[in-house]
Amino acid sequence: MIVFGIESSCDETAAAVVADGCRVLSSVIYSQVPLHQPYGGVVPEIASRSHIEKIRPILEQALAEAFPGEPDEAAWAHIDAIAATCGPGLAASLLVGWTAAKGLALALDKPLLPVNHMHAHLWSVRLNHPELENAALYPQLGLAVSGGHTCFVESPEPHHFRLIGQTIDDAAGEAFDKAAKLLGLGYPGGPVIDRLARTWVPAPGERPIPFPRGRVSPEHPLQEGLLPELCVSFSGLKTALLTYARKHPPQTEADAAKLAFSYQEAIVEALALRVEQALKRRAYRSFALGGGVSLNRRLRDRLAAVCAQGGVRFLTAEPGFCGDNAAMIAGLASAGGALRDPDPLARDVDPSLPV
């Protein structure tokens, strides 16, 4: 099955063509980072306007790259279905991609497949990895970690998802962005903090700053199904950073590097500790790490070590498929993982679509 996918849930306009769940024929992404950098974060109105301007050329480029040299009519004939993100995400951004998908499905008389953005992030580990198709991966534990979400997800079998833990306030990516803005490091915060943290060389006996690991009280009210030991809070970490930076403003590059390392380590350890807890609860066969923050090298290395210690197969997406992209949307849909909907053309976007 060959699926044309569209992604516009936040600030990337993306389109892709994927066959049989994993074979990526094309993947085109337009990033809006330069548009949002002056504001230190994504501005929803700017994001949606940019999607409207870029969606058509991105769709055309994805089709042309998937079937080079073929005229549009012949290229579209290869496509079996149109898939798009219908949630979660920014409402105005979601509407652009979902409406484009509806238009294509109607014009081409192709099935329309709605996709959950979070499900797709966890599926992204399979892109360009056909050897995983028949591998014993379930039950699987997944962590989707991005600028907008930090979710621990249990999958007893393919395309079945149960949310068992999440952030109760800031997402991990948001915590990185807020820290970078506070320290004047620029946007997006994750990559710059990752790079700066790697430059810290501690003196003999020097220890990182002991920032909090985001523990959530067992008495904290949580939605049904969530486990306190698998939930995390990053708002206190941000406050701790602000307090420390005011009392001990970095004077040198080494001071800034130590601060970045310590802050990053708190986020990484908060997530790693919860993965360790989850692996003790149940005998999982694999662990899937997806989302933009999964590009963080320290996080990848730490979680790979946790999985090795627990005897669980560690899976993560290729760098080009970690952030928001349409290949994960088309891939999941072409593998049969789209949301079940008897009338998808009547469906509206859902900015708060649950896992």
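Everything discussed here concerns the structure shown above.
Because the structure is predicted, anything quoted here is derived from the model rather than measured.

Inspection of the secondary structure puts Arg 298 in helix H10 (residues 297-310). For the pair Arg 298 and Phe 261, spaced 37 residues apart in sequence, the C-alpha separation works out to 9.8 Å. Dropping the residues within four chain positions of it, Arg 298 is found in contact with Gln 264, Glu 265, Val 268 and Glu 269.

Right, let's get into the sheet that holds strand S5 (residues 112-116). In spatial order, the strands read S3-S2-S1-S4-S5; together these five strands make up an open sheet with mixed pairing. Only two strands of the sheet have a single neighbouring strand rather than two, namely strand S3 (23-31) and S5. For this sheet, the mean angle separating the axes of adjacent strands, direction not counted, is 20°. Inspection of the sheet shows strand S1 (residues 2-7) paired to strand S2 (residues 12-19) by six bridges, in the antiparallel sense. If you follow Val 3 over to S2, its bridge partner there is Val 18. Along the sheet, helix H4 (residues 91-108) makes contact with S1, strand S4 (81-87) and S5, crossing S4 at roughly 155°.

What follows covers the nonpolar core. Core analysis: the biggest nonpolar cluster contains 45 residues, and Phe 234, Tyr 263, Ile 267 and Phe 287 have the highest contact counts within it. Looking at this core, the elements with two or more residues in it are strand S6 (140-145), helix H6 (172-182), helix H7 (189-197), helix H8 (235-247), helix H9 (253-281), strand S9 (286-290) and H10. At 14 residues, the largest contribution of residues to this core is made by H9. Non-local contacts of Phe 287, meaning those with residues more than four positions away in its chain, are made with Leu 141, Gly 142, Leu 143, Val 275, Leu 303, Cys 307, Val 312, Arg 313, Phe 314 and Leu 315.

Moving on, we come to the packing of H7 against H9. For the pair H7 and H9, the least separation of the axes is 8 Å and the interaxial angle reads 115°. The chirality of how H7 crosses H9 is left-handed. Packed against H7, whose contacting residues are Ile 193, Asp 194, Leu 196 and Ala 197, the element H9 presents Glu 253, Ala 256, Ala 257, Ala 260, Phe 261 and Gln 264 at the interface.

What counts and how
- Residues numbered from 1 in each chain as written.
- Predicted model: local features only at pLDDT ≥ 70, side-chain atom pairs only at ≥ 80, totals over all residues.
- Heavy atoms only, no water.
- Helix = DSSP H or I, 4+ residues; strand = E, 2+ residues; numbered from the N terminus.
- Contact = heavy atoms within 4.5 Å.
- Pairing = 2+ DSSP bridges.
- Axes fitted to C-alpha atoms, helices over the stretch in contact; angles between N-to-C directions.
- Core = buried A, V, L, I, M, F, W, Y, C linked by side-chain atoms within 4.5 Å.
- Buried < 20%, exposed > 50% of the residue type's maximum accessible area, 1.4 Å probe, protein only.
- Left-handed = near helix turned anticlockwise from the far one by under 90°.

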